[in-house]
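Each chain, written out:
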Amino acid sequence: MTERRDTDEVAMSWLLSAQLGNRLIQLVEQLCGSTKSKSVAQYSQDEELVTLFNFVLSNGNKKDHIIAMEYVSQILKNLSFNLKLGEESEPEDQMVQLVANLASQLFSSYVCWQTTGIQEFMRSLFLLQCQSWKSLSEQTINTLKSTFLKAFNGLIASLVKEDSAKLLEDGSCLRSTLKDIKQIIMEDKSSFSLTMRMAMLTKDLLSLVYEQVKTQEVCGIMLDHSIIQALLEILAPTEGCWVQMEEQLSPLYMAPAILQGSIAFSEFPFPKKMQETVVWDHKHTRISMFFCDLLLFVCKHKNVEVLEEEEEVSLGQYTHLVVSALHSACHATVVQELYNALSNHSVSEEVKAGTTKLNEDMGALLELLNQGNKRLITKQIRDRCSEGSSAWCVTLVKVLNIWMKAEDVNIMRLLNGIEESALGYIATKQSLLPLLPNEPLMDILAEEMGKLSSLEDSPYLATPCISLITTALSHVPPTVTKDVISSLFSVLTQWRENADNIFLYATDISGMAWEDVVFTCSLVRLVTVLVNRHSMHLEAQHWDFILCSLCSWAQSLEESRLSISVETVSGTFTCAVSKCAGCVSEVMENLKANPDLQKSYPPNLLEDWKEFFSASIYNSLLPIFIEVAASYNTTPTVILYGVCRALSIGVCRAGTDELANHTLPAIFNADDAEADLKLPDSEQILLNHLAPLLVCSHPPTQYAAYSMLSTALPGIMEQWEKNKTVIKEEEDISQRPLPYAITRCIMECGSIVEASLADKEMGDECIVVPYTDSHIYIAGYLLAWRLALNALTHASDANQHQYSAYLRQSNLLQKLLCNLFKLMPRAPLVERVKQDNVKEDKMPSTMFSTELHINPITKVTSRLVAHLACKVYYDCTSRIPAAVRQWFISLERHFQQVVDPFTATYVSPLLIAQEMAAVSNSFMKFDNMTVKARTGAREVVATYTIDEASMEIVLRMAPNHPLSTIVVEDHRRLGVSVAQWRNWLLGLNTMLSHRNTPLMQSLAFWKKNVDQKFEGIEECYICYYVLHGTNHQLPKLLCRTCKKKFHSACLYKWFNSSNNSTCPLCRALF
């Protein structure tokens, strides 16, 4: 019939008849009925109907209608009706797939854009794409989108033939769809995924318009197209909407800048109490992500005939969208990092993905823009700052330092463009100062010093001036500030004499408003910068002012301790004082470590610090540090995180004397009171306070606790070693536990760590995600082990073996070593930092050879745990090698194949080099023995001389040391019998295999035995040593038959292993 329609009027009449039209409508209704209750036979029938329907439609000519247009309209209405069924309930996947396919065939066959049902149907298609239906398959969703775009493609083509201006008319399908998209993304409940879907759909629509609508203007990029610009105007929020969304941004964005004092804000944006909820509204971030994606798309779409591929582009009138998006990107990144640090997982993966996309798209977009656009963007951000917005000042700093290159910014023009009468003049100027060259920076410093000198009688008006001077002093060279420092202290001294109450010395600041504290905070930060950057220019009277002020400010914190973890103003003041204390402590620590440096400072400065100031400051800060850490563990907040971090910086450099003479409140453990080994109360209280903080949910507190425990450990072990343990002679190896607080931490964390790594095998590399419970406990576990292994170096030789025996026999060490091979990376390489005038080492730099500094400013990363695990393994192999060897031997063969090559590759070379260096640089001198190292051969040669006879032995270390025993070789034997010589070699071999002493100490012990033998004392005929390897006792127990003497411990072990009490030599009863 379709073939005959052009020549046969009857055929034409039948095709346009109501009979055929109504039948097709019935087919559509039948096909689109519910698919849930259909039988197999009905599905088969549906397939035949679809084939028939497609045949009818596919035989048409798009220029002529096969069936009447009124029936096409009715078909579209029926399809729309079936799509709308999904608005209230989950749509059926098969039904949507069927409707989309039918509609796709219809749009391929008919010019149906003038029918009354087209817009309704297209809106139904659009709305269905705006939902996150779980019932629809990915294939169906793609078909839905394809059908929608096919419809739009035909619609645009038909309108362009008539008049392209109709695309933008009110009520047009394209304009209505874009308004719908705008309405959807502007809704508060919209998600990032939906916004991203709308962005992809919008880009497809813009592409269709750009490809089909030709304009007279020359378009270098899609954005230059006038119709595209008009469509973007439809989508863009108004200026009022942007302002409204900005007001909903979280004030926590400014928390780091305020707590660090980097910018002098005109307001204090935080709630009075830290625990008050601060809502993070994501709407601004979503909208920014949407427009950043669109702008990147229309800028990347270049016309190569007009623009070269690498040529930069211009945004024209749309730079304001980039400005808003940059503000949002900076805000979202900072706030997300702040919430991540709380370890409460409050940031969803969708938000993280959206923030990441916004940052990536923004970086790509800025790469495309020309320099003029970039400078205009920075100028617009600066203008927002000068209006008085503190949040925009933070954004300006981040944009200038992170997003823009130096050549893209004219700092002097930005600075000179600020009006002094502007509300945000000081904060904006302060934001720009760090990027100024030295000469203009010095000019501004001189200008502000002049203003400060005129304010000797009005200190409260000096806060803006002090803030600018502080920032300038943070960046000018220390060599040009001596006169400035003298002038500064002249003004500060004058203020203190006239009105010392403004300094808030020894004052309870609880309940004070920010306006009452901001001046003192600015003074504390000024002092901190002077100490940190210009300490060599400070004279004796300046140091006296600083140290006395710091003591008084620390006392103010002590007076306000109840409010520090509650009130934001008190917390901010605490941050300033704590960082000042940290800077002063660092200077004193450097003076102590470098006596030559003391010549550049006032005489007796270090002595005065120790005698008069340090104890007072730390006795104020340490209890506050403990209390705030406990508060954070209970109720973590973003502000409290910053306060806790600052306190950690303030206390982490406390010295041995300050920690030993602490004033922390008493806290004891019931188990410790019943234990045999005890510490004095002062050391025990310190341990009981700090050891639990190794698993604090606040990483800087973890690291500060570790630093202080490392400092206090020598003194703690000195007291711990004074405990006398009852050593039973019948025991071959006695056990001695390490301080209980440390081993308790290892045990408590150990079970959690094992559970976290339960699904890993040795050799698997476990990536520990930062700011998670796993990261906290694994890091705490490894830090506790570093302390335990470090404690061995402060123990006597005899006790070291007892501690090692305790760690091994309690199974703690075996569990640790297994865990380490789940945490250490398979290739623990680190990037070498290039240094000028330093010859590069050919050996690759690894986590074993690289220093790991643990302190409150250590960055929390998964690499940190890996590096820490490597350091703990290195400590084990270097300090208790025999214990590690015994663990290795006990492993199953396939696990040995994991441990052996890893150790031989990364650890053994370092240990061998360490042993060789120890032999070469040893201060131990022997009367009749010489020891030499042969580094290349991994050998140590010992030559023992007596009278004219000499003996030489060679100790050869294995390539996988310490997993394989050290081989003892006989190179020369003179003056002793073969049997005696073999006994000595056997004894030395036994010591090297089962004891953890270094080579030089082992050789010294062996020599002592040989000396005793030559002096006429017989060795024990069980161990073949004169001195016992553990208790260093001489053989005492005499056999009445053969008259040979034995060590009591050796004899007891002989009796147990032989199951009788006979002499090992003559077999007579003992």
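Residues numbered from 1 in each chain as written. Predicted model: local features only at pLDDT ≥ 70, side-chain atom pairs only at ≥ 80, totals over all residues. Heavy atoms only, no water.

**Some words on the overall build of the protein chain**
Then comes step 1: Helix and strand counts for the protein chain come out as 43 helices and 6 strands.
Then comes step 2: When burial is assessed residue by residue, the protein chain has 53% of its 1070 residues classed as buried.
Then comes step 3: At a minimum sequence separation of 6, the contacts of the protein chain that also span at least 24 residues come to 71%.
Then comes step 4: Counting only carbon and sulfur atoms, one obtains 50% of the accessible surface of the protein chain, whose full area is about 47,500 Å². (Helix = DSSP H or I, 4+ residues; strand = E, 2+ residues; numbered from the N terminus. Buried < 20%, exposed > 50% of the residue type's maximum accessible area, 1.4 Å probe, protein only. Contact = heavy atoms within 4.5 Å. Areas by Shrake-Rupley, 256 points an atom, 1.4 Å probe, with all protein chains shown as cover.)

**Thoughts on the confidence of the model for the protein chain**
Then comes step 1: Averaged over all residues, the pLDDT of the protein chain is 85; the fraction at 70 or higher stands at 86%.
Then comes step 2: For residues 59-63, every residue scores under 50 in pLDDT, and the model assigns this stretch 11 contacts once sequence neighbours within four places are set aside.
Then comes step 3: Counting interchain partners and residues more than four positions distant, the pLDDT-below-50 stretch residues 728-732 has 8 contacts. (pLDDT = per-residue confidence, 0-100.)

**A short note on helix α41 (residues 978-994)**
Then comes step 1: The terminal C-alpha atoms of α41 lie 24 Å apart, and with 17 residues this matches the ideal 24 Å at 1.5 Å per residue to within 8%.
Then comes step 2: Listed as buried for α41 are Gln 980, Trp 981, Asn 983, Trp 984, Leu 985, Gly 987, Leu 988, Met 991, Leu 992 and Ser 993. (Expected span 1.5 Å × (residues − 1).)

**Some points on the nonpolar core**
Then comes step 1: Grouped together as the largest cluster of nonpolar side chains are 294 residues, with contacts concentrated most on Trp 495 and Trp 785.
Then comes step 2: If one sorts the elements of this core by residue count, helix α27 (residues 605-634) sits on top with 14 residues.
Then comes step 3: The residues touching Trp 495, leaving out its near neighbours within four places in the chain, are Leu 452, Leu 455, Glu 456, Pro 459, Ala 462, Ile 466, Asp 500, Ile 502, Phe 503, Phe 519 and Leu 523.
Then comes step 4: Ile 912, Met 929, Val 940 and Cys 1050 belong to the second-largest nonpolar core, a separate cluster that totals 34 residues. (Core = buried A, V, L, I, M, F, W, Y, C linked by side-chain atoms within 4.5 Å.)

**Overview of the packing of aromatic side chains**
Then comes step 1: Overall, the coordinates contain 21 aromatic pairs when judged by the stated rule.
Then comes step 2: A ring pair is formed by Trp 543 and Tyr 601, whose centres lie 6.4 Å apart and whose planes are at 50°; its orientation type is tilted. Of this pair, Trp 543 sits in helix α24 (residues 540-559) while Tyr 601 is found in the loop between α26 (568-593) and α27, placing the two residues 58 residues apart along the sequence.
Then comes step 3: Taking relative accessible area as the criterion, Trp 543 reaches 1% and is therefore assigned buried. (Phe/Tyr/Trp six-rings, centres within 6.5 Å; stacked < 30°, edge-to-face > 60°.)

**Some points on the environment of Leu 782**
Then comes step 1: Assignment of secondary structure puts Leu 782 in helix α34 (residues 773-792).
Then comes step 2: Residue Leu 782 is classed as buried on the basis of its relative accessible area of 0%.
Then comes step 3: Apart from residues lying up to four places away in sequence, Leu 782 is in contact with Leu 820, Leu 823, Val 865, Leu 868, Ala 869 and Val 872.

**A closer look at the side chain of Thr 285**
Then comes step 1: Here Thr 285 lies in helix α13 (residues 283-300).
Then comes step 2: Apart from residues lying up to four places away in sequence, Thr 285 is in contact with Phe 192, Ser 328, Ala 332, Thr 355 and Leu 358.

**Re helix α9 (residues 192-212)**
Each turn of an α-helix holds 3.6 residues, which means side chains three or four residues apart point in the same direction.
Then comes step 1: Over its 21 residues, α9 runs 31 Å from end to end, which matches the ideal 30 Å to within 8%, given 1.5 Å per residue.
Then comes step 2: Counting buried positions along α9 gives 15 out of 21 residues, so the element sits mostly inside the fold.

**As for the packing of α26 against α27**
Then comes step 1: As a packed pair, α26 and α27 sit with axes 11 Å apart at the nearest point and diverge in direction by 145°. Note on packing geometry: the crossing formed by α26 with α27 is left-handed. Contact residues: Ser 578, Ala 581, Val 584, Ser 585, Met 588, Leu 591 and Lys 592 in α26; Leu 605, Leu 606, Trp 609, Lys 610, Ile 617, Tyr 618 and Leu 621 in α27. (Axes fitted to C-alpha atoms, helices over the stretch in contact; angles between N-to-C directions. Left-handed = near helix turned anticlockwise from the far one by under 90°.)

**Let's talk about the pattern of salt bridges**
Oppositely charged side chains may form a pair once their charged atoms are brought near each other.
Then comes step 1: Evaluated as defined, the whole model comprises 24 salt bridges.
Then comes step 2: Between Arg 653 and Glu 589 there is a salt bridge, with the nearest N and O atoms lying 2.7 Å from each other. Pair noted here: Arg 653 is in the loop between α28 (638-651) and α29 (656-660) and Glu 589 is in helix α26, with a separation of 64 residues, a long-range link.
Then comes step 3: Judged by relative accessible area, which is 29%, Arg 653 ranks as partly exposed.
Then comes step 4: Residue classification places Glu 589 among the partly exposed positions, given a relative accessible area of 37%.
Then comes step 5: A salt bridge links Asp 875 to Arg 786; the nearest nitrogen and oxygen atoms lie 3.2 Å apart. Of this pair, Asp 875 sits in helix α37 (residues 862-879) while Arg 786 sits in helix α34, and the two are 89 residues apart along the sequence.
Then comes step 6: Several salt bridges converge on common partners, so that one network encompasses Lys 203, Asp 293, Lys 357 and Asp 361. (Salt bridge = Lys/Arg side-chain N within 4 Å of Asp/Glu carboxyl O.)

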